[in-house]
Amino acid sequence: MSSNSFAYNEQSGGGEATELGQEATSTISPSGAFGLFSSDMKKNEDLKQMLESNKDSAKLDAMKRIVGMIAKGKNASELFPAVVKNVASKNIEIKKLVYVYLVRYAEEQQDLALLSISTFQRALKDPNQLIRASALRVLSSIRVPIIVPIMMLAIKEASADLSPYVRKNAAHAIQKLYSLDPEQKEMLIEIIEKLLKDKSTLVAGSVVMAFEEVCPDRIDLIHKNYRKLCNLLVDVEEWGQVVIIHMLTRYARTQFVSPWKEGDGLEDNEKDFYDSDEEQKEKADKRKRPYTMDPDHRLLIRNTKPLLQSRNAAVVMAVAQLYWHIAPKSEAGIISKSLVRLLRSNREVQYIVLQNIATMSIQRKGMFEPYLKSFYVRSTDPTMIKILKLEILTNLANEANISTLLREFQTYVKSQDKQFAAATIQTIGRCATSITEVSDTCLNGLVCLLSNRDEIVVAESVVVIKKLLQMQPIQHGEIIKHMAKLLDSITVPVARASILWLIGENCERVPKIAPDVLRKTAKSFTSEDDLVKLQILNLGAKLYLTNSKQTKLLTQYILNLGKYDQNYDIRDRTRFIRQLIVPNEKSGALSKYAKKIFLAQKPAPLLESPFKDRDHFQLGTLSHTLNTKATGYLELSNWPEVAPDPSVRNVEVIELAKEWTPAGKAKKENPDEKFYSESEEEEDSSESSSDSESASGSESGEDEEEDHSGDSGEDSGESGSESEAGKGRAAKHAKARGKGDSKDVDKEKENSKSSESSSGESSSIEESSSDSESESESESESESRTITKAKEKKTKQDRNPLTKDVSLLDLDDFNPVSSPVVLPTPALSPSLIADLEGLNLSATSSVISVSTPVFVPGKTHVLLHRMSGKGLAAHYFFPRQPCIFGDKMVSVQITLNNTTDQKIENIHVGGKKLPMGMQMHVFNPIESLEPAGSITVSVGIDFCDSTQTASFQLCTKDDCFSVNIQPPVGELLLPVAMSEKDFKKEQGQCPEDLL
């Protein structure tokens, strides 16, 4: 419908159609179903009469109303016979609307459309380019094999049409004809090869789409047109850019060598099994050779970079996947800023972008670490967006930011979205396995979640704890006992099954608890879920083999219940276990190894990202989104070991080009120019000027504009006194060829005088060749953006030649950090500074005096849980009293409890990990703490008036446990008393924004 709307808007009348359609619908009478039906019939009868009228005004009004009905999604197919009669109308406006209608319904009403086939053929010769293009669209929409020869002839003629709009529709018709009759492939390839040589940006995207549909494997057709497509890319319409970029990505993977060989680690350096020593030497020599990027490879990367600023999310995503798949790793980082910008788009765009970022963040974390906060979850996000952001945060987690992320996850667990809360718990488990430094902290947090009121949170915590304990079960016997007690309250089948499996695997470590658990589950066996029943059978078998004296009868009882269960899986498992663990005459030799089979060491589970196996799909494709190969997906080939001959992309320069070039457009020869820049532009200008002399008005202006941009645009970009039109062409030329080197800037300065004269002449020509208001406005916007970028770039190069390019994508709300964060000296938050700015709490103050607190909360905070502390429990609270260790310190009282039956010796504070400026006065070591004993000690911490966490180790004679104390803001303040006069005096010193 894109070309449809273009044709419709060219001659106006498109805006009235919808309004007339609304007026038509407003005439429907709402008097019951019968009245509505009769009103519709009457309305269509009126339209038929108007279409059969002798007056063109009535026919035009009827067609506008009908197109308005189509735009609203209403069915107008019954009007097809009346509409098709007007296909030969002499009125251009009526004919255009008739073709709009026929394109919509020609496939449904093929027989009636065939009656007018001769009219469509005559319309292919119409002087109006829009009528010719519309006739071709209607003809290709008639899906009848009998007219294939007619369609083929029409496409051949349209591909040589002088109007680029008609040639564009010819490229669209190629795809329709190929789907109707694939046997025409060879003839269609010839037409595609011809259209690929077209210089018009209007045709480029459509013909590449036809190439991808008909013959995507014919890479040889692209060789001669590769550089032209790269140079025209920035001027092609947006959806054409997407198609061309994807095609060029595949092309680059077959024609250039990998830019990742030098130290990127993506190549397989391991010795092949069947390789001889000589072959190994050859491969080693290849690796030692310095990598030099092909100029054509660099041309593609450079010319797609400006498209990262596109307003179309699909274009930005296409450029991002191109950089990911073919650019050097050192240059791929620029796409991260553009992708983060797309997160401001609608939810559908966010979902696709986040999926691709999740895949990228697995392999290259450094690209997105500076934008970590951009992926924090918002409460208004949909569940799927939340889970994707959570996935990215997990991939970006490392030792430097894990503490911040865990605090963020702690908030997510409390979310009302239960699916998101469960995903957060799984994320905490993944962090515990990937970062060993916080594994104990994560496990401790998950154990605390077992007391949550929400059953879903508890169930998910049980499942994750079960996976974590598989890695180190010996150290966490207390946690297994605690989970066994939860079996009475948890009802989620997956959680109950996980607890039973965990107890069965560690039945020898909990010999008193396991038989009792089996006894309880035997009572509820018949009412349990099938998943739980299977684990009960497994638990019974393991206890029968390790503690048959206590559990033999229980196991036989459970096996009898399972023998007659309704589920055949449970019946089969019961028979298998009975034959394996209960020896009899029929038992084979396998029963001797029953204990080894059931109690074998199980491998620890791998908690991996679900996006890990998607990297073999091309980013941005439907296959990547679905994680399965979709119909029509074209796989990216591996990099070739040796680059194919680059000379296949060389294009011969026609000598007659100079004669075709209009006067005043001759270029200065420059031997230092690259082979794909000026020579290409000269060839483009010659052919496009010849087309513009014979083509219709809209394209002549566009071709002339390209010609002038190739000649005078580069020089006029540096001149300060030239016209705005000259500046626009310079910006367009710079953007199309991607030149930004300081060497080119020096050349432009040398040729500034000659550029003024040429830019003046080309300015007058360009003004007379403007196409339409919408086209000129879009060009001016893109030119102004490029001019700004070029000026900023030149200014920075003058100041510092090593400064990177200025990007228009700098985001104000992100603060990228490329190195690990070094915490500054802690400071008060802005709001707290404002609140305390006028206070003077020193002892010499005559105005303010510190008073005793009116209220001291009795709430204590858990410092060390008894299970993670191996029997040592610690709680702390803030007494709100002046600290005896220092005026700036906050007093904290810690209560230590010994919950074991043995003495705990040498309790002290070990290593301290305090932020810069923070100080801590620890308590004296405690020689011993008797069983069930308790002691309270005081410590002083100078938090530097901030809420940063004080991290330290609470140690005993045998172990050390990492603990944290984070103060609420209120505990950093002191209670003071003052008179009303003094209060007003202090209040007057506060900033006005706080008052």
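Residues numbered from 1 in each chain as written. Predicted model: local features only at pLDDT ≥ 70, side-chain atom pairs only at ≥ 80, totals over all residues. Heavy atoms only, no water.

- The protein chain carries the name Adaptor related protein complex 3 subunit beta 1 in an unreviewed UniProt entry, which gives Ovis aries as its organism.

As for the sheet that holds strand S4 (residues 890–898)
- One open sheet accounts for five strands, arranged S2-S3-S4-S8-S6; its pairing is antiparallel. With partners counted over all chains shown, the strands left at the sheet margins are strand S2 (861–864) and strand S6 (919–921), one partner each. Between one strand axis and the next, the sheet turns through 30° on average, direction left out of account. (Pairing = 2+ DSSP bridges. Helix = DSSP H or I, 4+ residues; strand = E, 2+ residues; numbered from the N terminus. Axes fitted to C-alpha atoms, helices over the stretch in contact; angles between N-to-C directions.)

Thoughts on the environment of Thr-292
- Counting through the fold element by element, Thr-292 comes out in the loop between helix H16 (277–288) and helix H17 (295–304).
- Taking C-alpha positions, Thr-292 is 9.4 Å from Val-257, a pair spaced 35 residues apart along the chain.

Examining the nonpolar core
- Tyr-101, Leu-102, Leu-339 and Phe-375 are the most contacted members of the largest nonpolar core, which has 199 residues in total.
- The element contributing the most residues to this core is helix H18 (residues 313–326), with 10 residues.
- Within the second largest apolar cluster, 29 residues are counted, among which are Ile-904, Phe-923, Phe-961 and Leu-972. (Core = buried A, V, L, I, M, F, W, Y, C linked by side-chain atoms within 4.5 Å. Buried < 20%, exposed > 50% of the residue type's maximum accessible area, 1.4 Å probe, protein only.)

So, the packing of aromatic side chains
- Throughout the structure, instances matching the rule amount to 11 aromatic pairs.
- On the numbers, 6.1 Å between centres and 65° between planes, the contact of Tyr-226 with Phe-256 is edge-to-face. Taken together, the positions of Tyr-226 in helix H14 (residues 226–232) and Phe-256 in the loop between helix H15 (238–255) and H16 put the pair 30 residues apart, joining distant regions of the chain. Taken individually, Tyr-226 and Phe-256 each receive the classification buried, so the pair is uniform in this respect.
- Ring geometry for Trp-260 against Trp-639: centres 5.7 Å apart, planes inclined by 85°, an arrangement best described as edge-to-face. Of the two residues, Trp-260 is situated in the loop between H15 and H16 and Trp-639 in the loop between helix H33 (622–626) and helix H34 (657–660); the sequence distance between them amounts to 379 residues. (Phe/Tyr/Trp six-rings, centres within 6.5 Å; stacked < 30°, edge-to-face > 60°.)

Some thoughts on helix H24 (residues 439–449)
- For H24, the set of buried residues is Ser-439, Cys-442, Leu-443, Leu-446, Val-447 and Leu-449. Along the axis of H24, the buried positions cluster into a sector of 155°, meaning they face one direction only.
- Looking at the buried side of H24, the elements it contacts are helix H22 (402–413), helix H23 (418–434), helix H25 (455–469) and helix H26 (477–485). (Arc of directions from axis to C-beta. Contact = heavy atoms within 4.5 Å.)

Considering the pairing of strand S10 (residues 960–965)
- With burial as the criterion, only one face of S10 is covered, namely that bearing Phe-961, Val-963 and Ile-965; the residues Cys-960, Ser-962 and Asn-964 on the opposite face remain uncovered.
- In terms of strand pairing, strand S9 (residues 950–955) meets S10 through six bridges, oriented antiparallel. If you follow Ser-951 over to S10, its bridge partner there is Asn-964.
- Between S9 and S10, which pair antiparallel and follow one another directly, the connecting turn spans four residues.

Focus: the sheet that holds S10
- Reading across from one edge, S7-S5-S9-S10 is the order of the four strands in this open sheet, with antiparallel pairing throughout. Since the sheet does not close on itself, it has two edges, and those belong to strand S7 (926–929) and S10, each with one partner. Put simply, the sheet's adjacent strands are angled 35° from each other on average, direction ignored.
- Here strand S5 (residues 904–913) pairs with S7 via three bridges, running antiparallel. What sits directly across from Ile-904, in S7, is Leu-929.

Looking at the pattern of salt bridges
- Within this structure, the stated rule accounts for 33 salt bridges.
- Residues Lys-125 and Glu-157 are paired through a salt bridge, measuring 3.2 Å at the closest nitrogen-oxygen approach. Placement of Lys-125 in the loop between helix H8 (117–123) and helix H9 (129–141) and of Glu-157 in helix H10 (residues 148–159) is noted, with a sequence separation of 32 residues between them.
- Accessibility expressed as a relative area gives 38% for Glu-157, which makes it partly exposed.
- The partner of Arg-218 in a salt bridge is Asp-220, and the shortest N-O contact between them spans 3.0 Å.
- Given a relative accessible area of 28%, Arg-218 falls into the partly exposed group. (Salt bridge = Lys/Arg side-chain N within 4 Å of Asp/Glu carboxyl O.)

Description of the side chain of Ser-134
- Structurally, the position occupied by Ser-134 is in helix H9.
- Look at Ser-134 and you get buried, because its relative accessible area is 9%.
- Ignoring sequence-local partners within four residues, the contact set of Ser-134 consists of Tyr-99 and Val-103.

Here's the deal with the environment of Ile-92
- With respect to the helices and strands, the residue Ile-92 is situated in helix H6 (residues 92–105).
- Considered as a pair, Ile-92 and Ile-131 are 39 residues apart in the sequence and their alpha carbons are 8.2 Å apart.
- Non-local contacts of Ile-92, meaning those with residues more than four positions away in its chain, are made with Asn-128 and Ile-131.

Remarks on helix H29 (residues 530–546)
- The terminal C-alpha atoms of H29 lie 25 Å apart, and with 17 residues this matches the ideal 24 Å at 1.5 Å per residue to within 8%.
- Of all the 17 residues making up H29, 13 are buried; the element is thus mostly covered by neighbouring parts of the structure.
- With a side-chain oxygen lying 3.0 Å from the backbone nitrogen of Leu-531, the N-terminal cap of H29 falls on Asp-529. (Expected span 1.5 Å × (residues − 1). Polar contact = N/O pair within 3.5 Å; in protein donor to acceptor, adjacent residues only side chain to side chain.)

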